[in-house]
Amino acid sequence: MKGDISSLKKVLKVGNLYYGYDAASSLLCELDHVSANVLISGNQSMVTEPIKRLQERGVFKYQNFERCVIHPDRLPDIVKYDQMHVLPRRFILEVTEDCNLRCKYCYNTIGKGKRVHTDRKMTEDVAFAAIDYYFKTYTEKFSRVLPAEREVYINKAKPTLSWWGGEPFLNFELIKKTKAYCDNLPWEDFGIQKDKIVYSLTTNLTVFNDDISDFITKNHILLFVSLDGDKYLHDANRVFVNGRGSFDVVKKNLDKLYSIDPEYCLNYVGIHAVYENEKILRATKDFFREYMYGVDGHQKFGEIIYIKQSKLKTDVDYSVLKRNKKYLLDSFRKRTEKLSLLSEDELKDNIEKEKIDIKEYFNLLQIEKKLCFDNPSGTNCCNRSFSCPIGMDVILVGISGDIQVCHQSDESLPLGNVKNGGVDISKLVQCYADYYKIFQGDCKRCWAFQFCKRCPAEMLSKGKFIEPKKDECEFIRRSVEIELSKYIILLSFEGLYNTLKKFAPSYKQGIVYV
């Protein structure tokens, strides 16, 4: 009968070949054209023998998931387990909400929630209480690691202190005091050398003087400077309160820092470059190919991280992938074909000199980890968590001491306060429960569910988790369809695929449990 075949499936046509993906089993397989057409039509009465055999294993069988996220009854135990065993990978102090810029894409500028520009700054007592809370949280868990394994765990999740804003250097005195306070804690009592602590700061670098220069260079602070390309590209968005562009000031201070300590800049300074679209990304990379190298040809700064500009949901054109699918796949195939002509040494050289954007290919290799190719077994019960352990893996403390869901959230749902014991477990359990309610509707029938990245920070707005609109979900499905198609195209270039796997990171660092 028509309509009996699973709705948790997707048929892809790449070139002249058909492929089927099944969300219940994560199977990706090649299909003959008859089987592909049967799956597309949904006509169970015409099912082919290959499809019938797969359905016996739970593939292309289920209309929907009975449950697609963790059952609410399990949440208290899961949260308590995370509280006991998750070693935090990042600790962030929001030392100020003040900023001297009004970047046009910044949520603090354009947002309407709690995360807005104010002149409020974190006080010393709140900062020290936050550090004490982090120190206790980290060392209690780390002390359970066997001495022989501690170096491994340190490398996975180093003790950290990151300063966040606003513009952090507007509260520079507190930054210096918190660095000294953190250093003076008894880390050695737990087998942790102080030189293992990583200090970092994200800045627009419009606030800069000799004291700041001395502090960051002598203490080897990891510095991430926001610079969006040349003067035209940067000043299009990164402006002072009066509307004047900030490029000249940022470049002047960055050049000064390089003249003071080139070795520090190479080893500890990274660039965050935000771009709006592919055309702007290409222009931004053109700028950095020249700016990143001195007259002697030596690289001046560390890694450049290119960040796609976030937009308010009302400003997103969700139809763009529908219009551009053929163009995106054709251009990807052409780029991949060119790469396949390079020798392994040539490819490595291009990657190291950032002449090609290899991140796209590494992301495809990460997708591969979510796929099944042999011995599939489908189930209509899924237990996706969708999130890193909230309030445990990344600990963000706001200016008043509130522990927030994430540094990427609108800070409208505090989970507790560092001066009152830290994370409130009952609030955290309720946070998860409210978040998972979002996935009890159409998500159960979505073929792209396993690839969806609707994290809680993204869905949080004014203290509530907001269900995505239908066009947002369609955008995600089309994105996944394109990524799976790109992955299939990459597989057709077997030599390049095997070479890229050699260069890809051995693993994408995940949650660290002790």
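Values in this document were obtained by computation on a predicted structure and should not be read as measured data.

Digging into unusual backbone geometry
With the exception of glycine, most residues fall at negative phi, and the peptide bonds are largely trans.
Okay, so step 1: Here G165 and G166 are connected by a cis peptide whose omega angle stands at 20 degrees.
Okay, so step 2: Tracing the backbone through its elements, the reader meets G166 in the loop between β6 (160-164) and α7 (172-183).
Okay, so step 3: For N375, which is not glycine, the phi torsion reads 45 degrees and is therefore positive.
Okay, so step 4: Mapped onto the elements of the fold, N375 is located in the loop between α15 (359-367) and β11 (381-384).
Okay, so step 5: Not every positive phi belongs to a glycine, and E411 is a case in point at roughly 60 degrees.
Okay, so step 6: The topology assignment puts E411 in the loop between β13 (403-404) and β14 (416-417).

Structural notes on the packing of aromatic side chains
Okay, so step 1: This model, assessed by the stated rule, comprises 29 aromatic pairs.
Okay, so step 2: Judged by centre distance (4.4 Å) and plane angle (5 degrees), the rings of F91 and Y134 are stacked. Pair noted here: F91 is in strand β5 (residues 90-94) and Y134 is in helix α5 (residues 124-142), with a separation of 43 residues, a long-range link. Of the two residues examined, F91 and Y134, each falls in the buried class.
Okay, so step 3: Geometrically, the ring pair formed by F135 and F190 is edge-to-face, given 5.8 Å between the ring centres and 80 degrees between the ring planes.

Digging into the packing of α15 against helix α19 (residues 494-503)
Okay, so step 1: The N-to-C vectors of α15 and α19 enclose an angle of 90 degrees; their axes lie 10 Å apart at closest approach. As judged from the angle between their axes, α15 and α19 are roughly perpendicular. Contact with α15, carried on its side by Y361, F362 and L365, involves Y497, L500, K501 and F503 of α19 and no other residues of that element.
Okay, so step 2: Its residues placed into classes, the contact of α15 with α19 shows six nonpolar, no polar and one charged.

Here's the deal with the nonpolar core
Okay, so step 1: Counting 137 residues, the largest nonpolar core has L93, I216, L223, F288, F439 and F449 as its most contacted members.
Okay, so step 2: It is α5 that provides the largest number of residues to this core, a total of eleven residues.
Okay, so step 3: Apart from the residues within four sequence positions on either side, F439 is in contact with C68, V69, F386, K444, F449, R454 and M459.
Okay, so step 4: C29, A36, L54 and F60 belong to the second-largest nonpolar core, a separate cluster that totals 15 residues.

A closer look at the pairing of strand β3 (residues 27-31)
Okay, so step 1: By the criterion of burial, β3 is predominantly enclosed, with four of the five residues buried.
Okay, so step 2: As defined by bridge partners, strand β2 (residues 17-22) adjoins β3 across five bridges and the pair is classed as antiparallel. Paired with Y19 across the two strands is E30, which belongs to β3.
Okay, so step 3: The antiparallel hairpin formed by β2 and β3 contains four residues in its connecting segment, where S26 sits at a positive phi of about 65 degrees.

Things to note about the sheet that holds strand β9 (residues 269-275)
Okay, so step 1: Strands sit in the order β10-β9-β8-β7-β6-β5-β12-β13 across an open sheet of eight strands; the sheet is mixed. The open sheet has two edge strands with one neighbour each: β10 (304-308) and β13.
Okay, so step 2: Taken together, the five bridges between β9 and β10 define a ladder with parallel strand orientation. Residue pairing across strands places A273 opposite Y306, the latter belonging to β10.

Regarding the packing of α15 against helix α18 (residues 470-492)
Okay, so step 1: Remark: α15 packs on α18, axes separated minimally by 10 Å, with the N-to-C direction vectors making an angle of 100 degrees. Comparing the axis directions of α15 and α18 gives the class roughly perpendicular. Across the interface between the two elements, E360, Y361, L364, L365 and I367 from α15 touch E483, L484, K486, Y487 and L490 from α18.
Okay, so step 2: Across the contact of α15 with α18, the residue classes tally to seven nonpolar, no polar and three charged.

Quick notes on the environment of N324
Okay, so step 1: Mapped onto the elements, N324 comes out in helix α13 (residues 320-340).
Okay, so step 2: With relative accessibility at 28%, the residue N324 sits in the partly exposed group.
Okay, so step 3: Note: C-alpha distance between N324 and N16 (308 residues apart in sequence) is 19 Å.

Overview of the side chain of N380
Okay, so step 1: Mapped onto the elements, N380 comes out in the loop between α15 and β11.
Okay, so step 2: Under the relative-accessibility criterion, N380 is labelled buried at 15%.
Okay, so step 3: Dropping the residues within four chain positions of it, N380 is found in contact with Y62, N64, F65, E66 and R67.

Here we look at the sheet that holds β3
Sheet strands pair by backbone hydrogen bonding; their relative direction is either parallel or antiparallel.
Okay, so step 1: Taken together, the three strands give an open sheet; going across it, the order is β1-β2-β3, and neighbouring strands pair in antiparallel fashion. Looking at the sheet topology across the chains shown, the edges are occupied by β1 (9-14) and β3. Here the average twist between neighbouring strands, direction ignored, is 25 degrees.
Okay, so step 2: Relative to the sheet, helix α1 (residues 33-41) contacts β1, β2 and β3, its axis offset from that of β1 by approximately 135 degrees.
Okay, so step 3: Running over the sheet, α18 touches β1, β2 and β3 and is turned about 50 degrees from β1.

Regarding α1
Okay, so step 1: Listed in full, the buried residues belonging to α1 are S35, A36, V38 and L39. End-on view of α1: buried residues confined to an arc of 160 degrees, all on one side of the axis. For α1, the exposed residues lying more than 90 degrees away from the buried face are H33 and I40.
Okay, so step 2: Residues of α1 that are buried sit in contact with β1, β2, β3 and α2 (49-55).
Okay, so step 3: Where α1 begins, one side-chain oxygen reaches toward the backbone nitrogen of V34, 3.0 Å away; that side chain belongs to D32.
Okay, so step 4: In the stretch just after α1, G42 is the one whose phi turns positive, near 75 degrees.

About the criteria used
Residues numbered from 1 in each chain as written. Predicted model: local features only at pLDDT ≥ 70, side-chain atom pairs only at ≥ 80, totals over all residues. Heavy atoms only, no water. Helix = DSSP H or I, 4+ residues; strand = E, 2+ residues; numbered from the N terminus. Phe/Tyr/Trp six-rings, centres within 6.5 Å; stacked < 30°, edge-to-face > 60°. Buried < 20%, exposed > 50% of the residue type's maximum accessible area, 1.4 Å probe, protein only. Axes fitted to C-alpha atoms, helices over the stretch in contact; angles between N-to-C directions. Parallel < 35°, antiparallel > 145°, perpendicular 65-115°, else oblique. Contact = heavy atoms within 4.5 Å. Nonpolar A, V, L, I, M, F, W, Y, C, P; charged D, E, K, R; others polar. Core = buried A, V, L, I, M, F, W, Y, C linked by side-chain atoms within 4.5 Å. Pairing = 2+ DSSP bridges. Arc of directions from axis to C-beta. Polar contact = N/O pair within 3.5 Å; in protein donor to acceptor, adjacent residues only side chain to side chain.

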